[in-house]
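The lines below spell out each chain.
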Amino acid sequence: LVHLLSTAEFDIKKEAVWAVSNVASGGNPAQIMQLVSLGCLAPLCQLFDAADTRSINVALEGVENILKAAAEERNGLSLEDIVFQVEDCGGVDKLEALQLHENEAVYQKAVKILDQYFDACDKEPLEAVAPATNSDNTQYEFGSGAGNGLQASPTYPQASGFNFNFSQEQQR
């Protein structure tokens with residue numbers, strides 16, 4: 001079944017994705033674990049690129065059910081292992097691309113999977129991306145420290161607008 005999902009022509013893949021998704025949603029833990037160990041996640045994720053919206057939805061449901069089973073620790077595989085496999089085969093990139101899909105159901109399912117299983121891994125604390133501030137926290141200090149040594153120093157002309165003069169300062 002997994003082999004057909006990977007290598008068959010599209011009409012056969014459409015049938016195989018239904019079978020795999022059905023096992024993922026209603027199978028016992030041993031059956032789900034067997035599917036994952038046989039490598040079903042990569043071909044499921046490949047179907048995220050299909051032209052057939054129904055096949056994309058079925059593949060999304062299959063991946064979501066496998067992630068859900070792993071999160072519930074029903075099948076002997078850790079959620080971390082499943083997340084890694086989906087990331088490794090390019091599934092996260094494909095899920096992100098599906099956020100632009102014209103079909104609302106595809107869009108909603110992709111967003112739900114990303115938010116529930118992948119979003120926490122990618123969030124960076126806001127403090128890590130905010131620019132530095134001066135000592136009394138009243139102004140941002142852009143370009144202080146790292147970079148190519150170019151510092152922007154604004155000059156305020158009599159006329160309207162700003163003029164930024166770039167000068168090469170000490171290389172650190």
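Reading the values: the criteria
- Residues numbered from 1 in each chain as written.
- Predicted model: local features only at pLDDT ≥ 70, side-chain atom pairs only at ≥ 80, totals over all residues.
- Heavy atoms only, no water.
- Helix = DSSP H or I, 4+ residues; strand = E, 2+ residues; numbered from the N terminus.
- Buried < 20%, exposed > 50% of the residue type's maximum accessible area, 1.4 Å probe, protein only.
- Contact = heavy atoms within 4.5 Å.
- Arc of directions from axis to C-beta.
- Salt bridge = Lys/Arg side-chain N within 4 Å of Asp/Glu carboxyl O.

Caption draft 1: Expanded view of the side chain of S21. Along the polypeptide, S21 turns up in helix 2 (residues 10-26). Under the relative-accessibility criterion, S21 is labelled buried at 5%. What S21 contacts, discounting residues up to four positions off in sequence, is V58, E61, G62 and N65.

Caption draft 2: Representation of helix 6 (residues 79-88) within the structure. By the burial criterion, the buried members of helix 6 are I82, V83 and V86. The buried side chains of helix 6 occupy one side of the element, clustering within an arc of 100° when seen end-on. Those residues of helix 6 that are exposed and angled more than 90 degrees off the buried face are E80, F84 and D88. One or two steps after helix 6, the chain reaches G90, where phi turns positive at roughly 85°.

Caption draft 3: Region of the structure containing the pattern of salt bridges. Per the counting criterion, the structure on display carries three salt bridges. Measuring nitrogen to oxygen at the nearest pair gives 2.3 Å for the salt bridge that ties K94 to D49. Of this pair, K94 sits in helix 7 (residues 91-98) while D49 sits in the loop between helix 4 (41-46) and helix 5 (53-71), and the two are 45 residues apart along the sequence. Assessed through its relative accessible area of 15%, K94 is described here as buried. Residue class for D49 comes out exposed when judged on its relative accessible area of 52%. For E64, the salt bridge identified is with K109, shortest N-O distance 3.0 Å. With E64 in helix 5 and K109 in helix 8 (residues 104-122), this pair connects stretches of sequence that are 45 residues apart. Using a relative accessible area of 4% as the deciding quantity, one classes E64 as buried. Three or more residues are tied together by salt bridges with common partners; here these are E64, K109 and K112.

Coordinates in, geometry out; function isn't part of it.
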